[in-house]
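Observations on chain architecture
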Amino acid sequence: MMKAVETDLLVIGGGATGAGVAWDAASRGLQVVLADRGDLATGTTGRFHGLLHSGARYAVKDPRSARECAAENRILRAVAADCIEDTGGLFVSTPADDAAYADGFVAACQQAGVAATEVPVTEVLRAEPHLCPGITRAFAVPDATIDAWKTVWACARAAAAHGAAILPYQEVVRLMVEGDAVCGAVLRHARSGEEITVRARYVVNAAGAWAGRVARLAGCDVAVVAGKGVMVAMNHRLVNAVVNRCAMPGDGDILVPVRTVSVIGTTDARVEDPDRVQASADEVRAMLAAGESFIPGFTQHRALRVWAGVRPLFAATSPTSAETRDLSRGHTVIDHAAREGVGRFITIAGGKFTTFRLMAEETVDAVCADLGVRAECRTAAETLPDSEERHYYWIGARQAQAEARPVDDPLVCECELVSRQDLLVAAARRPGLDLDDLRRALRLGMGPCQGGFCMARATGLLHEAGHLDRAAANAALRDFVEERWRGIQALAWGDQLRQMRLDAWILLGVLDLEHLPE
Amino acid sequence: MTPGRLALTAVGDSLDRCIKCTVCESACPVAAVTSLFPGPKTVGPQAERFRQSQGSSPDRSVDYCSGCGVCTRVCPHGVRIAEINARARARWRGRTGVSLRDHLLARPVLTGRLGRPVAPVFNWALGQRPLRVAAERLLGVHRAAPLPRVVGRTFRYRVSRRRPPRSPDRVVYFHGCSVDYFEPWVGQMTVAILEHNGFAVDIPRQGCCGLPLQSTGLFEPARRSVRRLARSLSPAGTDGLPIIASSTSCGLMVKREAEEILGVEDARLRDVSRRTYDLFEFLAGLHRAGRLRTDFTPVPLTVAYYAPCQQRGQGIGEPAMDVLGLVPGLRILELDRSCCGIAGTYGLKREKYAIAMAVGRPLFDDIAAARPDLVACDSETCRWQIGRATGLPTVHPLELLYRAYGGAEPGSAAAGPGGQ
Ligand SMILES: Cc1cc2nc3c(=O)[nH]c(=O)nc-3n(C[C@H](O)[C@H](O)[C@H](O)COP(=O)(O)OP(=O)(O)OC[C@H]3O[C@@H](n4cnc5c(N)ncnc54)[C@H](O)[C@@H]3O)c2cc1C
């Protein structure tokens, strides 16, 4: 007999959008189940560029998005401070950029309500010693960086505090339709293969680039186009603020200081299958070359890792009045009842990380209207867990923690300063975690050595603490290392190649990773 | 003037070359003896990724780096670990402020100037335990730390009435503060040795190189000092002349640290830096060119020689060993240890004295086991530390050379703090 769960709302997809919907709906009093086929934030959300937009990037091209970003930026700073680093942002005119763009840019920012102030170039160069000394103008904007994993988990925890059930590693394999409405789904556990049914009064499809596939399970046709974007993480912070080129948005024109690294991106290329995206060596070279235009010597710096994410771009095939679609808005709430006659089913498509809360608000407004629930959205005023004190995180936080740590709690991951205690506490909090989940939770193995030093330690500790039996420990280590190395292949030269060689000597030569017992 | 952008980013960016191989951590003499210092890789390339290029950093542990520079020297990948740490230390100090003690230790000229007129009293006070205990409480200078005695008559005074020989071969002498106020005989012997080899020695007026300011984290005054010094060492009419330093640490400051740690980019300094030679580096070069006089009388002594960190940091080998090897009768035992612990003013500080002594312990033990007549070491603060810790007369190697040339008994003028 298949296990069955009943709920008001099933949310499919645990990215920023789905987690936001779960938080919003749960805080309005709905009973919510949130399911993702993997861990939370392992889709596009876990692979994005890290930027909490001020709106400035869209000011010229897409004023409506700019206005939304500006508003959401302010709200998230208040409710999700713990997930945000207030790096500030800069728009700089490099010698290669059209100087006239800057004037239009300032005017557009003003119109969209984005605070942009011109800063003397000498001041900017003092604060950003790596920046091209030939820049002609610079503008400060309230860009910031935001931690995707922290944010999504904070939303999930807030939802859980309002009674929601959070189900990672549960893939929706079937949608159940009764009459002219969706009434639930069959979920299959990614590891055990065990299936459960969730009967729901309403289903929201927040599967991002996979939303088309999920909609098809209910016979609906949503044309979500996957747009691949490539990003390269550089070994350390080359800039302290988010640096954007002050020009029409293009490829590789933003450098984002994300915690200990700086990430250059990105690109936009249509791909057929969002599950098969890979960055090529050519794309890496193109990104590094793009960096050269605002950070002289960029290509000489150590590139750490490359990855790609897929934008969920919504291309409407048959727009109807029930759709709130507006190309310039970037996101769309699709009510399938009006569109295809499939009730109690909404797809939320497109958008940005920065606007996830707004997207969730609009989605849950529609759900509530449909269910006849009268409840106001509360997420603009309800601080997320750990953000109550409204302190932004800062780059030195882990270093400060490490300073205060007792000597008998040694570092496991030296690059990201994760201690043994950190690891064991995180593992105990969510039993059944794999190494990659711990990586996201702790940033374990995400630094320069990409797991070369820490993963064997971590696996051993988890085994010792009873979280992984011998076979599982060996397999986990192997899988993890393989996945990390995949992200280095395309940039294995110079320092990073030397790192890989050392890692290989340790893991293959000393530990004989390839021949561990099964 | 702002520090050079490129010099600063180049050293900081060298962290990219770190592959965590941990060679520096195994070589670090401080991390080996205290858990207060987590190690050069940890506070250097690793922690640097958590520091903003502006503003302070939270890592007080970097303050336990002694700055000996062993880490940079052993790094097989070219990470400027010690330099990264020196800057981080300065930022940490920027956050906590600099104590009165550190202000004093950072200004040896001031101590020298204050102490000189009352030298007998000052030196007597240094030996009085109750006064040292009081100084430890009030100032934080450890009661047992090796402090130099000031002399009544400075080096500059002593050479002021000298009549320099005329010679077409001229050099400039960079004597530093220590020679002027604490060990004038080192300067006098340097001048005598150079003159014996046919050089006319210019001794321009000069101030502090700024090294103690730098290691205390007072970067701005340090930059001013070293710029001023570069001007002093290149007075009109001395273009292109070799500049000879008898202090290895001050020499290192001019040669490398001013640019690499302080980020000073200054044409005058660069010129001076290129022309600066450690005394024995210069003498060994003379010997290779067949120009060093070897009219030595035998020196029948057993000497334990220790090449200090700052000299190794110059990357010039061990020229004192090469030159002293020419002296008949002299038996030299080379001490192969990485640090004596003092690292400038590090080991003077109350909270670091025990660490410094533990760092130096293997060296002191080696010396005790070797039972030499004398210890020789090129750096003044190391001499004071070793002399104090071993109770043996500890001299600059040039004192042995001076004696080989027929000068006075080494160690007689130079009993130093260690001798008593
Ligand atoms: C390269 C790139 C850079 C970007 N940079 C930025 C930026 O700097 N700032 C910004 O604001 N925005 C940025 N974005 C946009 C932003 O990342 C996305 O809009 C946002 O993360 C999308 O979140 P989501 O929750 O809608 O989708 P996702 O995060 O992809 O979530 C969808 C989830 O659905 C799950 N799923 C799929 N199928 C099923 C199923 N059958 N059953 C259960 N679960 C399923 C997936 O596992 C996935 O976790 C960027 C996008 C890209 C591509």
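This one's a predicted model, so the numbers in the text were calculated from it and none came from an experiment. (Residues numbered from 1 in each chain as written. Chains lettered and ligands numbered in written order. Predicted model: local features only at pLDDT ≥ 70, side-chain atom pairs only at ≥ 80, totals over all residues. Heavy atoms only, no water.)

1. Examining the overall build of chain B
In terms of helices and strands, chain B carries 23 helices and 8 strands. Computed over the C-alpha atoms, the radius of gyration of chain B is 21 Å, within 12% of the 22 Å expected from 2.2 N^0.38 for a compact globule of 420 residues. Projected onto the principal axes, the alpha-carbon positions of chain B cover approximately 60 × 50 × 40 Å. Within chain B, buried positions represent 61% of all 420 residues. At a minimum sequence separation of 6, the contacts of chain B that also span at least 24 residues come to 76%. Element-wise, carbon and sulfur atoms account for 53% of the exposed surface of chain B, whose accessible area totals about 16100 Å². One finds the centroid of the 57 positive side-chain charges in chain B at a distance of 6 Å from the centroid of its 37 negative side-chain charges. (Helix = DSSP H or I, 4+ residues; strand = E, 2+ residues; numbered from the N terminus. Rg over C-alpha atoms; globule rule 2.2 N^0.38 Å. Buried < 20%, exposed > 50% of the residue type's maximum accessible area, 1.4 Å probe, protein only. Contact = heavy atoms within 4.5 Å. Areas by Shrake-Rupley, 256 points an atom, 1.4 Å probe, with all protein chains shown as cover. Lys, Arg positive; Asp, Glu negative; His and termini not counted. Charge placed at Lys NZ, Arg CZ, Asp CG, Glu CD.)

2. Quick notes on the overall build of chain A
A tally of regular secondary structure across chain A gives 15 helices and 22 strands. Taken against the 2.2 N^0.38 rule, which gives 24 Å for 518 residues, the C-alpha radius of gyration of chain A at 23 Å falls within 12% of a compact globule. In terms of its C-alpha atoms, chain A occupies a principal-axis envelope of roughly 65 × 65 × 45 Å. The buried share of chain A, reckoned over its 518 residues, is 59%. A separation threshold of at least 6 residues defines the contact pool for chain A, and within that pool the share at least 24 residues apart is 72%. Within the structure as shown, chain A displays about 20000 Å² of accessible surface, and the carbon and sulfur contribution to it stands at 52%. Taken as two groups, the 55 positive and 66 negative side-chain charges of chain A have centres that lie 1 Å from each other.

3. Observations concerning the domain arrangement of chain B
All names here are of chain B. Looking at the assigned domains, one finds that chain B contains domain 1 (3–96) and domain 2 (294–415). Computed over C-alpha atoms only, the centres of domain 1 and domain 2 are separated by 28 Å. Listed by partner, the interface residues are 14 residues for domain 1 and 13 residues for domain 2. Between domain 1 and domain 2 the total buried area reaches about 1000 Å² when both faces are included, carbon and sulfur atoms providing 66% of it. Looking at the side of domain 1 facing domain 2, the largest losses of area belong to Y64, S66 and R73, adding up to 43% of the total buried there. Our count for the contact surface shared by domain 1 and domain 2 stands at 1 salt bridge. Of the charged contacts in the structure, one is a salt bridge between D63 and K352, with a shortest N-O distance of 3.1 Å. Between domain 1 and domain 2 we count 3 residue pairs in polar contact (both at pLDDT 80 or more) in total. For the side of domain 1 that touches domain 2, the residue count by class is 9 nonpolar, 2 polar and 3 charged. (Domains from an automatic or database assignment. Buried area = accessible area lost by both parts, 1.4 Å probe. Salt bridge = Lys/Arg side-chain N within 4 Å of Asp/Glu carboxyl O. Polar contact = N/O pair within 3.5 Å; in protein donor to acceptor, adjacent residues only side chain to side chain. Nonpolar A, V, L, I, M, F, W, Y, C, P; charged D, E, K, R; others polar.)

4. Some details on the sheet that holds strand 4 (residues 84–85) of chain A
All names here are of chain A. Pairing in this open sheet of 3 strands is antiparallel, and the strands run 3-8-4 from one edge to the other. Single-partner strands in this sheet number two, and they are strand 3 (51–52) and strand 4. Relative to strand 8 (residues 144–146), strand 3 runs antiparallel, the two sharing 2 bridges. Along strand 8, the bridge assignment pairs L52 with A144. (Pairing = 2+ DSSP bridges.)

5. Some thoughts on the site of the ligand
All names here are of chain A. Around the ligand, the surrounding shell holds 34 residues, and the nearest of these are T17, D36, T45, L51 and T354. R37 places a main-chain nitrogen or oxygen 3.1 Å from a nitrogen atom of the ligand. Note that an oxygen atom of the ligand is positioned 2.5 Å from one of the side-chain N or O atoms of T45. Coverage of the ligand by the protein chains reaches 96% of its 1000 Å² of free accessible surface. (Near = heavy atom within 4 Å.)

6. With respect to the packing of aromatic side chains
Across all of its chains, the model carries 10 aromatic pairs over all chains by this definition. Residues Y277 of chain B and F282 of chain B carry aromatic rings whose centres are separated by 6.0 Å and whose planes lie at 55 degrees to one another, so their mutual orientation is tilted. The partly exposed category is assigned to Y277 of chain B, whose relative accessible area is 31%. For F282 of chain B, a relative accessible area of 10% puts it in the buried group. Ring-pair connections join several aromatic residues into one group, and the members of that group are F91, Y101, F105 and F139 of chain A. (Phe/Tyr/Trp six-rings, centres within 6.5 Å; stacked < 30°, edge-to-face > 60°.)

7. Some thoughts on the nonpolar core
Proteins that are soluble and globular tend to have nonpolar side chains buried together. All names here are of chain A. Counting residues in hydrophobic clusters, the biggest one holds 97 residues, and the most contacted among them are L10, L175, V232, L438 and L444. The element contributing the most residues to this core is helix 14 (residues 470–489), with 7 residues. Beyond its immediate stretch of four places on either side in the chain, L175 contacts I12, V182, G184, A185, V203, V214, L217, A218 and F345. With 49 residues, the next largest nonpolar core counts L34, I75, A159 and M446 among its residues. (Core = buried A, V, L, I, M, F, W, Y, C linked by side-chain atoms within 4.5 Å.)

8. Quick look at the interface of chain B and chain A
Contacts between the two partners involve 27 residues from chain B, matched on the other side by 40 residues from chain A. Summing both sides of the interface, chain B and chain A together bury roughly 2900 Å²; the carbon and sulfur share of this comes to 52%. There are 2 salt bridges connecting chain B and chain A. Among the ionic pairs, E414 of chain A bridges to K41 of chain B, the shortest N-O distance being 2.5 Å. In this assembly, chain B and chain A are joined by 15 residue pairs in polar contact (both at pLDDT 80 or more). At the level of secondary structure, the elements contributing two or more residues to the side of chain B that touches chain A comprise helix 1 (5–13) and helix 3 (40–48) of chain B. Its residues assigned to classes, the side of chain B that touches chain A comprises 7 nonpolar, 10 polar and 10 charged.

9. A look at the sheet that holds strand 2 (residues 200–202) of chain B
Through backbone hydrogen bonds, the strands of a sheet pair up, either in parallel or in antiparallel fashion. All names here are of chain B. Taken together, the 4 strands give an open sheet; going across it, the order is 2-1-3-4, and neighbouring strands pair in parallel fashion. Two strands lie at the open edges of the sheet, namely strand 2 and strand 4 (276–278), each paired on one side alone. Taking each pair of neighbouring strands and ignoring which way they run, the sheet shows an average axis angle of 40 degrees. As paired strands, strand 3 (residues 243–245) and strand 4 are joined by 3 bridges and run parallel to one another. Residue pairing in the sheet places I244 in a bridge with Y277 of strand 4. With respect to the sheet, helix 12 (residues 184–196) is in contact with strand 1 (170–174), strand 2 and strand 3, its orientation differing from that of strand 1 by roughly 170 degrees. (Axes fitted to C-alpha atoms, helices over the stretch in contact; angles between N-to-C directions.)

10. Looking at the side chain of N197 of chain B
Residue and element names in this part refer to chain B. In this structure, N197 sits in the loop between helix 12 and strand 2. Judged by its relative accessible area of 6%, N197 is buried. A polar contact is formed between the side chain of N197 and the side chain of Y405, at a distance of 3.3 Å.

11. Let's talk about the environment of H53 of chain A
Residue and element names in this part refer to chain A. Mapping H53 onto the fold places it in the loop between strand 3 and helix 2 (63–79). When its relative accessible area of 10% is taken as the criterion, H53 is described as buried. A C-alpha to C-alpha distance of 26 Å links H53 and D275, two positions 222 residues apart in sequence. Beyond its immediate chain neighbours, meaning those up to four positions away, H53 contacts Y58, C69, N73, D143, K352 and T354.

12. Side note on the confidence of the model for chain B
Per-residue confidence for chain B gives a mean pLDDT of 91; residues scoring 70 or more make up 94%. Confidence estimates for the predicted assembly give a pTM of 0.91 and an ipTM of 0.90. (pLDDT = per-residue confidence, 0-100.)

13. Re helix 17 (residues 279–288) of chain B
Burial within helix 17 of chain B is extensive, with 7 of its 10 residues counted as buried. Once helix 17 of chain B ends, the next one or two residues include G290 of chain B, with phi positive near 75 degrees.

14. Considering a positive patch on the surface
Residues and elements named next belong to chain B. A surface patch of like charges, here positive, comprises R224, R228, R231 and R268. Mapping R231 onto the fold places it in helix 14 (residues 219–232). R231 gets classed as partly exposed once you look at its relative accessible area, which sits at 44%. (Patch = residues over 30% accessible without salt bridge, like charges linked within 9 Å, V, L, I, M, F, W, Y side chains within 5 Å.)

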